[in-house]
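Listed below are the residues making up each chain.
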Amino acid sequence: MSHKVTLIPGDGIGPEITEAAKRVLEATGVKFEWDIGIVGQQAQDKFGTPLPDYVLESIKKNKVALKGPVTTPVGTSFRSVNVALRQSLDLYACLRPCKTYPGVPTPFKNVDIVIVRENTEDLYSGIEFAKGTKESDRLAKLILETTQTKVKQDSGFSIKVISETASRRIVRFAFEYARANNRKKVSAAHKANILKFSDGLFLAAAREVAKEYPDIGFEDVVVDALCMRLARSPQQYDIIVLPNLYGDIVSDLCAGLVGGLGVAPGANIGDNIAVFEPTHGSAPKYIGQNKVNPMAMMLSATMMLCHLGEIKAADRLEKAIADVIAEGKSVTYDLKLDRNQPAATTSEVADAVIEKFKNQGG
Ligand code: NAD
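Residues numbered from 1 in each chain as written. Predicted model: local features only at pLDDT ≥ 70, side-chain atom pairs only at ≥ 80, totals over all residues. Heavy atoms only, no water.

Chemist: I keep staring at the packing of helix 10 (residues 295-307) against helix 11 (residues 311-327) and nothing clicks. Help me out?
Modeler: The description of two packed helices rests on the angle between their axes and on the distance between the axes. Remark: helix 10 packs on helix 11, axes separated minimally by 7 Å, with the N-to-C direction vectors making an angle of 160 degrees. What the angle tells us is that helix 10 and helix 11 run roughly antiparallel. The handedness of the crossing between helix 10 and helix 11 comes out as left-handed. Residues M295, M298, L299, T302, L305 and C306 of helix 10 form the contact with helix 11, whose own contacting residues are I311, A313, A314, L317, E318, I321, V324 and I325. Class assignment for the residues of the contact of helix 10 with helix 11 results in twelve nonpolar, one polar and one charged. (Axes fitted to C-alpha atoms, helices over the stretch in contact; angles between N-to-C directions. Helix = DSSP H or I, 4+ residues; strand = E, 2+ residues; numbered from the N terminus. Parallel < 35°, antiparallel > 145°, perpendicular 65-115°, else oblique. Left-handed = near helix turned anticlockwise from the far one by under 90°. Contact = heavy atoms within 4.5 Å. Nonpolar A, V, L, I, M, F, W, Y, C, P; charged D, E, K, R; others polar.)

Chemist: Just to check I follow, could you spell out the environment of R316 for this structure?
Modeler: By the secondary structure assignment, R316 is in helix 11. Once the C-alpha coordinates of R316 and V171 are considered, the two residues, 145 residues apart in sequence, prove to be 30 Å apart. In this structure the side chain of R316 is engaged in a polar contact, spanning 3.1 Å, whose partner is the backbone oxygen of F357. (Polar contact = N/O pair within 3.5 Å; in protein donor to acceptor, adjacent residues only side chain to side chain.)

Chemist: Would you take a moment to explain helix 10 for this structure?
Modeler: In an α-helix, one turn spans 3.6 residues, which is why side chains three or four residues apart end up on the same side. Its 13 residues give helix 10 an end-to-end C-alpha distance of 18 Å, which sits within 8% of 18 Å, the value for a rise of 1.5 Å per residue. Most of helix 10 sits inside the fold, with eleven of its 13 residues counted as buried. Where helix 10 terminates, the next one or two residues include G309, which has phi positive at roughly 85 degrees. (Expected span 1.5 Å × (residues − 1). Buried < 20%, exposed > 50% of the residue type's maximum accessible area, 1.4 Å probe, protein only.)

Chemist: Which parts of the structure should I look at to understand the sheet that holds strand 10 (residues 239-242)?
Modeler: Within a beta sheet, neighbouring strands are joined by backbone hydrogen bonds and run either parallel or antiparallel to one another. In space, the ten strands of this open sheet follow the order 2-1-3-12-11-4-5-10-8-9, with mixed pairing throughout. Edge positions in the sheet fall to strand 2 (31-36) and strand 9 (217-222), since each has one partner strand and no second. This sheet shows a mean twist of 25 degrees between the axes of neighbouring strands, independent of strand direction. Pairing of strand 4 (residues 93-99) with strand 11 (residues 267-269) involves three bridges; the strand directions are antiparallel. Opposite C94, over in strand 11, you have N268 as the bridge partner. Contacts from helix 1 (residues 14-27) reach strand 1 (2-8), strand 2 and strand 3 (64-67), with the element oriented near 155 degrees to strand 2. (Pairing = 2+ DSSP bridges.)

Chemist: Can you help me understand the state of the cysteines in this one?
Modeler: The bond known as a disulfide is covalent and runs between the sulfur atoms of two cysteines. Applying the stated criterion across every chain, the model contains zero disulfides. This cysteine, C94, is not joined by any disulfide, and C98 carries the nearest cysteine sulfur, 9.9 Å off. We note that C254 lacks a disulfide partner, and the nearest cysteine sulfur, in C98, lies 4.9 Å from it. (Disulfide = S-S within 2.5 Å.)

Chemist: I tried to follow the pattern of salt bridges on my own but got confused; where do I start?
Modeler: For side chains bearing opposite charge, pairing can occur when the charged atoms are close. Counting across every chain of the model gives 21 salt bridges. Measuring nitrogen to oxygen at the nearest pair gives 3.8 Å for the salt bridge that ties K60 to E57. Highlighted residues: K60 and E57, both in helix 3 (residues 53-62), separated by three residues, approximately one helical turn. Looking at K60, the relative accessible area reads 36%, which means it is partly exposed. Across the salt bridge formed by E327 and K356, the nearest N and O atoms sit 2.6 Å from each other. In this pair, E327 sits in helix 11 while K356 sits in helix 12 (residues 346-359), placing the two residues 29 residues apart along the sequence. (Salt bridge = Lys/Arg side-chain N within 4 Å of Asp/Glu carboxyl O.)

Chemist: Looking at this model, I keep getting lost on the site of the ligand. Mind explaining?
Modeler: Near the ligand you find 21 residues, and of these V70, T72, G281, A283 and N293 are the closest. Within the contact set of the ligand, an oxygen atom lies 2.7 Å away from a backbone nitrogen or oxygen of A283. When the free accessible area of the ligand is taken as 820 Å², the share hidden by the protein chains comes to 70%. (Near = heavy atom within 4 Å. Areas by Shrake-Rupley, 256 points an atom, 1.4 Å probe, with all protein chains shown as cover.)

Chemist: I tried to follow helix 4 (residues 81-88) on my own but got confused; where do I start?
Modeler: Regarding helix 4, the residues found buried are V81, N82, A84, L85 and R86. Within two residues after helix 4, D90 carries a phi angle of roughly 50 degrees, on the positive side.

Chemist: Got a minute to help me understand the packing of aromatic side chains in this structure?
Modeler: Aromatic rings in a pair are described by how distant their centres are and how their planes are angled relative to each other. In total, this model carries six aromatic pairs according to the counting rule given. Each ring, one from F32 and one from W34, has its centre 4.7 Å from the other, and the planes form 15 degrees; the classification is stacked. The class of F32 is buried, set by a relative accessible area of 13%. Between Y286 and Y333, the aromatic rings sit 5.6 Å apart at their centres with planes inclined by 40 degrees, giving tilted as the arrangement. A residue pair is termed long-range when its members are at least 10 positions apart, and Y286 in the loop between strand 12 (274-276) and helix 10 and Y333 in the loop between helix 11 and helix 12 qualify at 47 residues. Comparing Y286 with Y333, the two get one shared label, buried. Over the aromatic face of Y333 sits the side chain of K291, whose NZ or CZ is 5.1 Å from the ring centroid. Positioned above the aromatic ring of F357 is the side chain of R316, whose terminal nitrogen or guanidinium carbon lies 4.1 Å from the ring centre. (Phe/Tyr/Trp six-rings, centres within 6.5 Å; stacked < 30°, edge-to-face > 60°. Lys NZ or Arg CZ within 6 Å of the ring centre and 35° of its normal.)

Pasting the structure below:
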């Protein structure tokens, strides 16, 4: 059977790493039919929108996409394609595994954490009021009337929205993921001691949902304490579920703990649709140099294979990537302890992974 997948090369370094990931996927013997989608500035120039309908329709139809990073130009009206995709397709869970592979220069060994980040609300709801506008004045008055708190006149506002529905949904996702992947513990991170009505709601929902999963351990942890513990002994964590903003920050922290963005894969998942993409962005300064690490993209592709039920191919591909890293010969500059050592190119990494995959037999 052939899997129909929407392939979004993205821009910046996106097309180079997407090509590398596509080559290794095809070398696994699993069959794909790729539906190519153009987004970002190229789509803006061609179709007058950075996220054309045909791309959304293709993902809705195929239910699975593999996506390269897309640049969000600063200082234009251009909306982030990445945020728009998550919102339009209700991809409410951001899944980011952070795992140490022997051979990657890291401060810790044996880290294997999965970050589950809520993707739709919190401070990313987009509800903001600029300083000095009529709206922010009205809001300041409402705050004064209802809470007797006087905010400074030159304040801007970004509203933090946390709902019980979204909190339950993301915590349930974390527990279901734990069960399906033989994980032992879910830690819910929050700041409910200070943010009683937003994070407090998240925490209460997490505690309720946890009762439905007596086979999986549960704890809650204040997010600042979590960061301190991650920096000292990250091995104590298994799955960490967090509201949107903390999830964004803590997943980058964890990516750093396991060797950086070059080896940090990810996925954005909804009830029926999943989009697999690396954590990193389009790194425009490296465009066209065949230099950056395609492994985060390849590991995202491995997650996609699992999602498609191609477990054997996924395990073998992950092992091939891990073997290339462990050998240390065909890795890009970011995985070299000494950055002055000669490093492999993006396409050479793909060649080496394909070679290792073939030599595994089976
Ligand atoms: P970035 O992740 O693109 O790059 C930051 C630095 O990380 C790079 O300069 C490079 O040194 C390193 N890096 C990133 N990927 C690497 C790789 N595969 N191999 C080796 N080194 C790598 O972050 P940025 O510079 O803040 O963002 C650039 C653009 O990407 C922005 O327009 C941003 O909006 C966009 N972005 C897109 C996504 C996405 O598509 N999901 C995610 C994050 C950022």
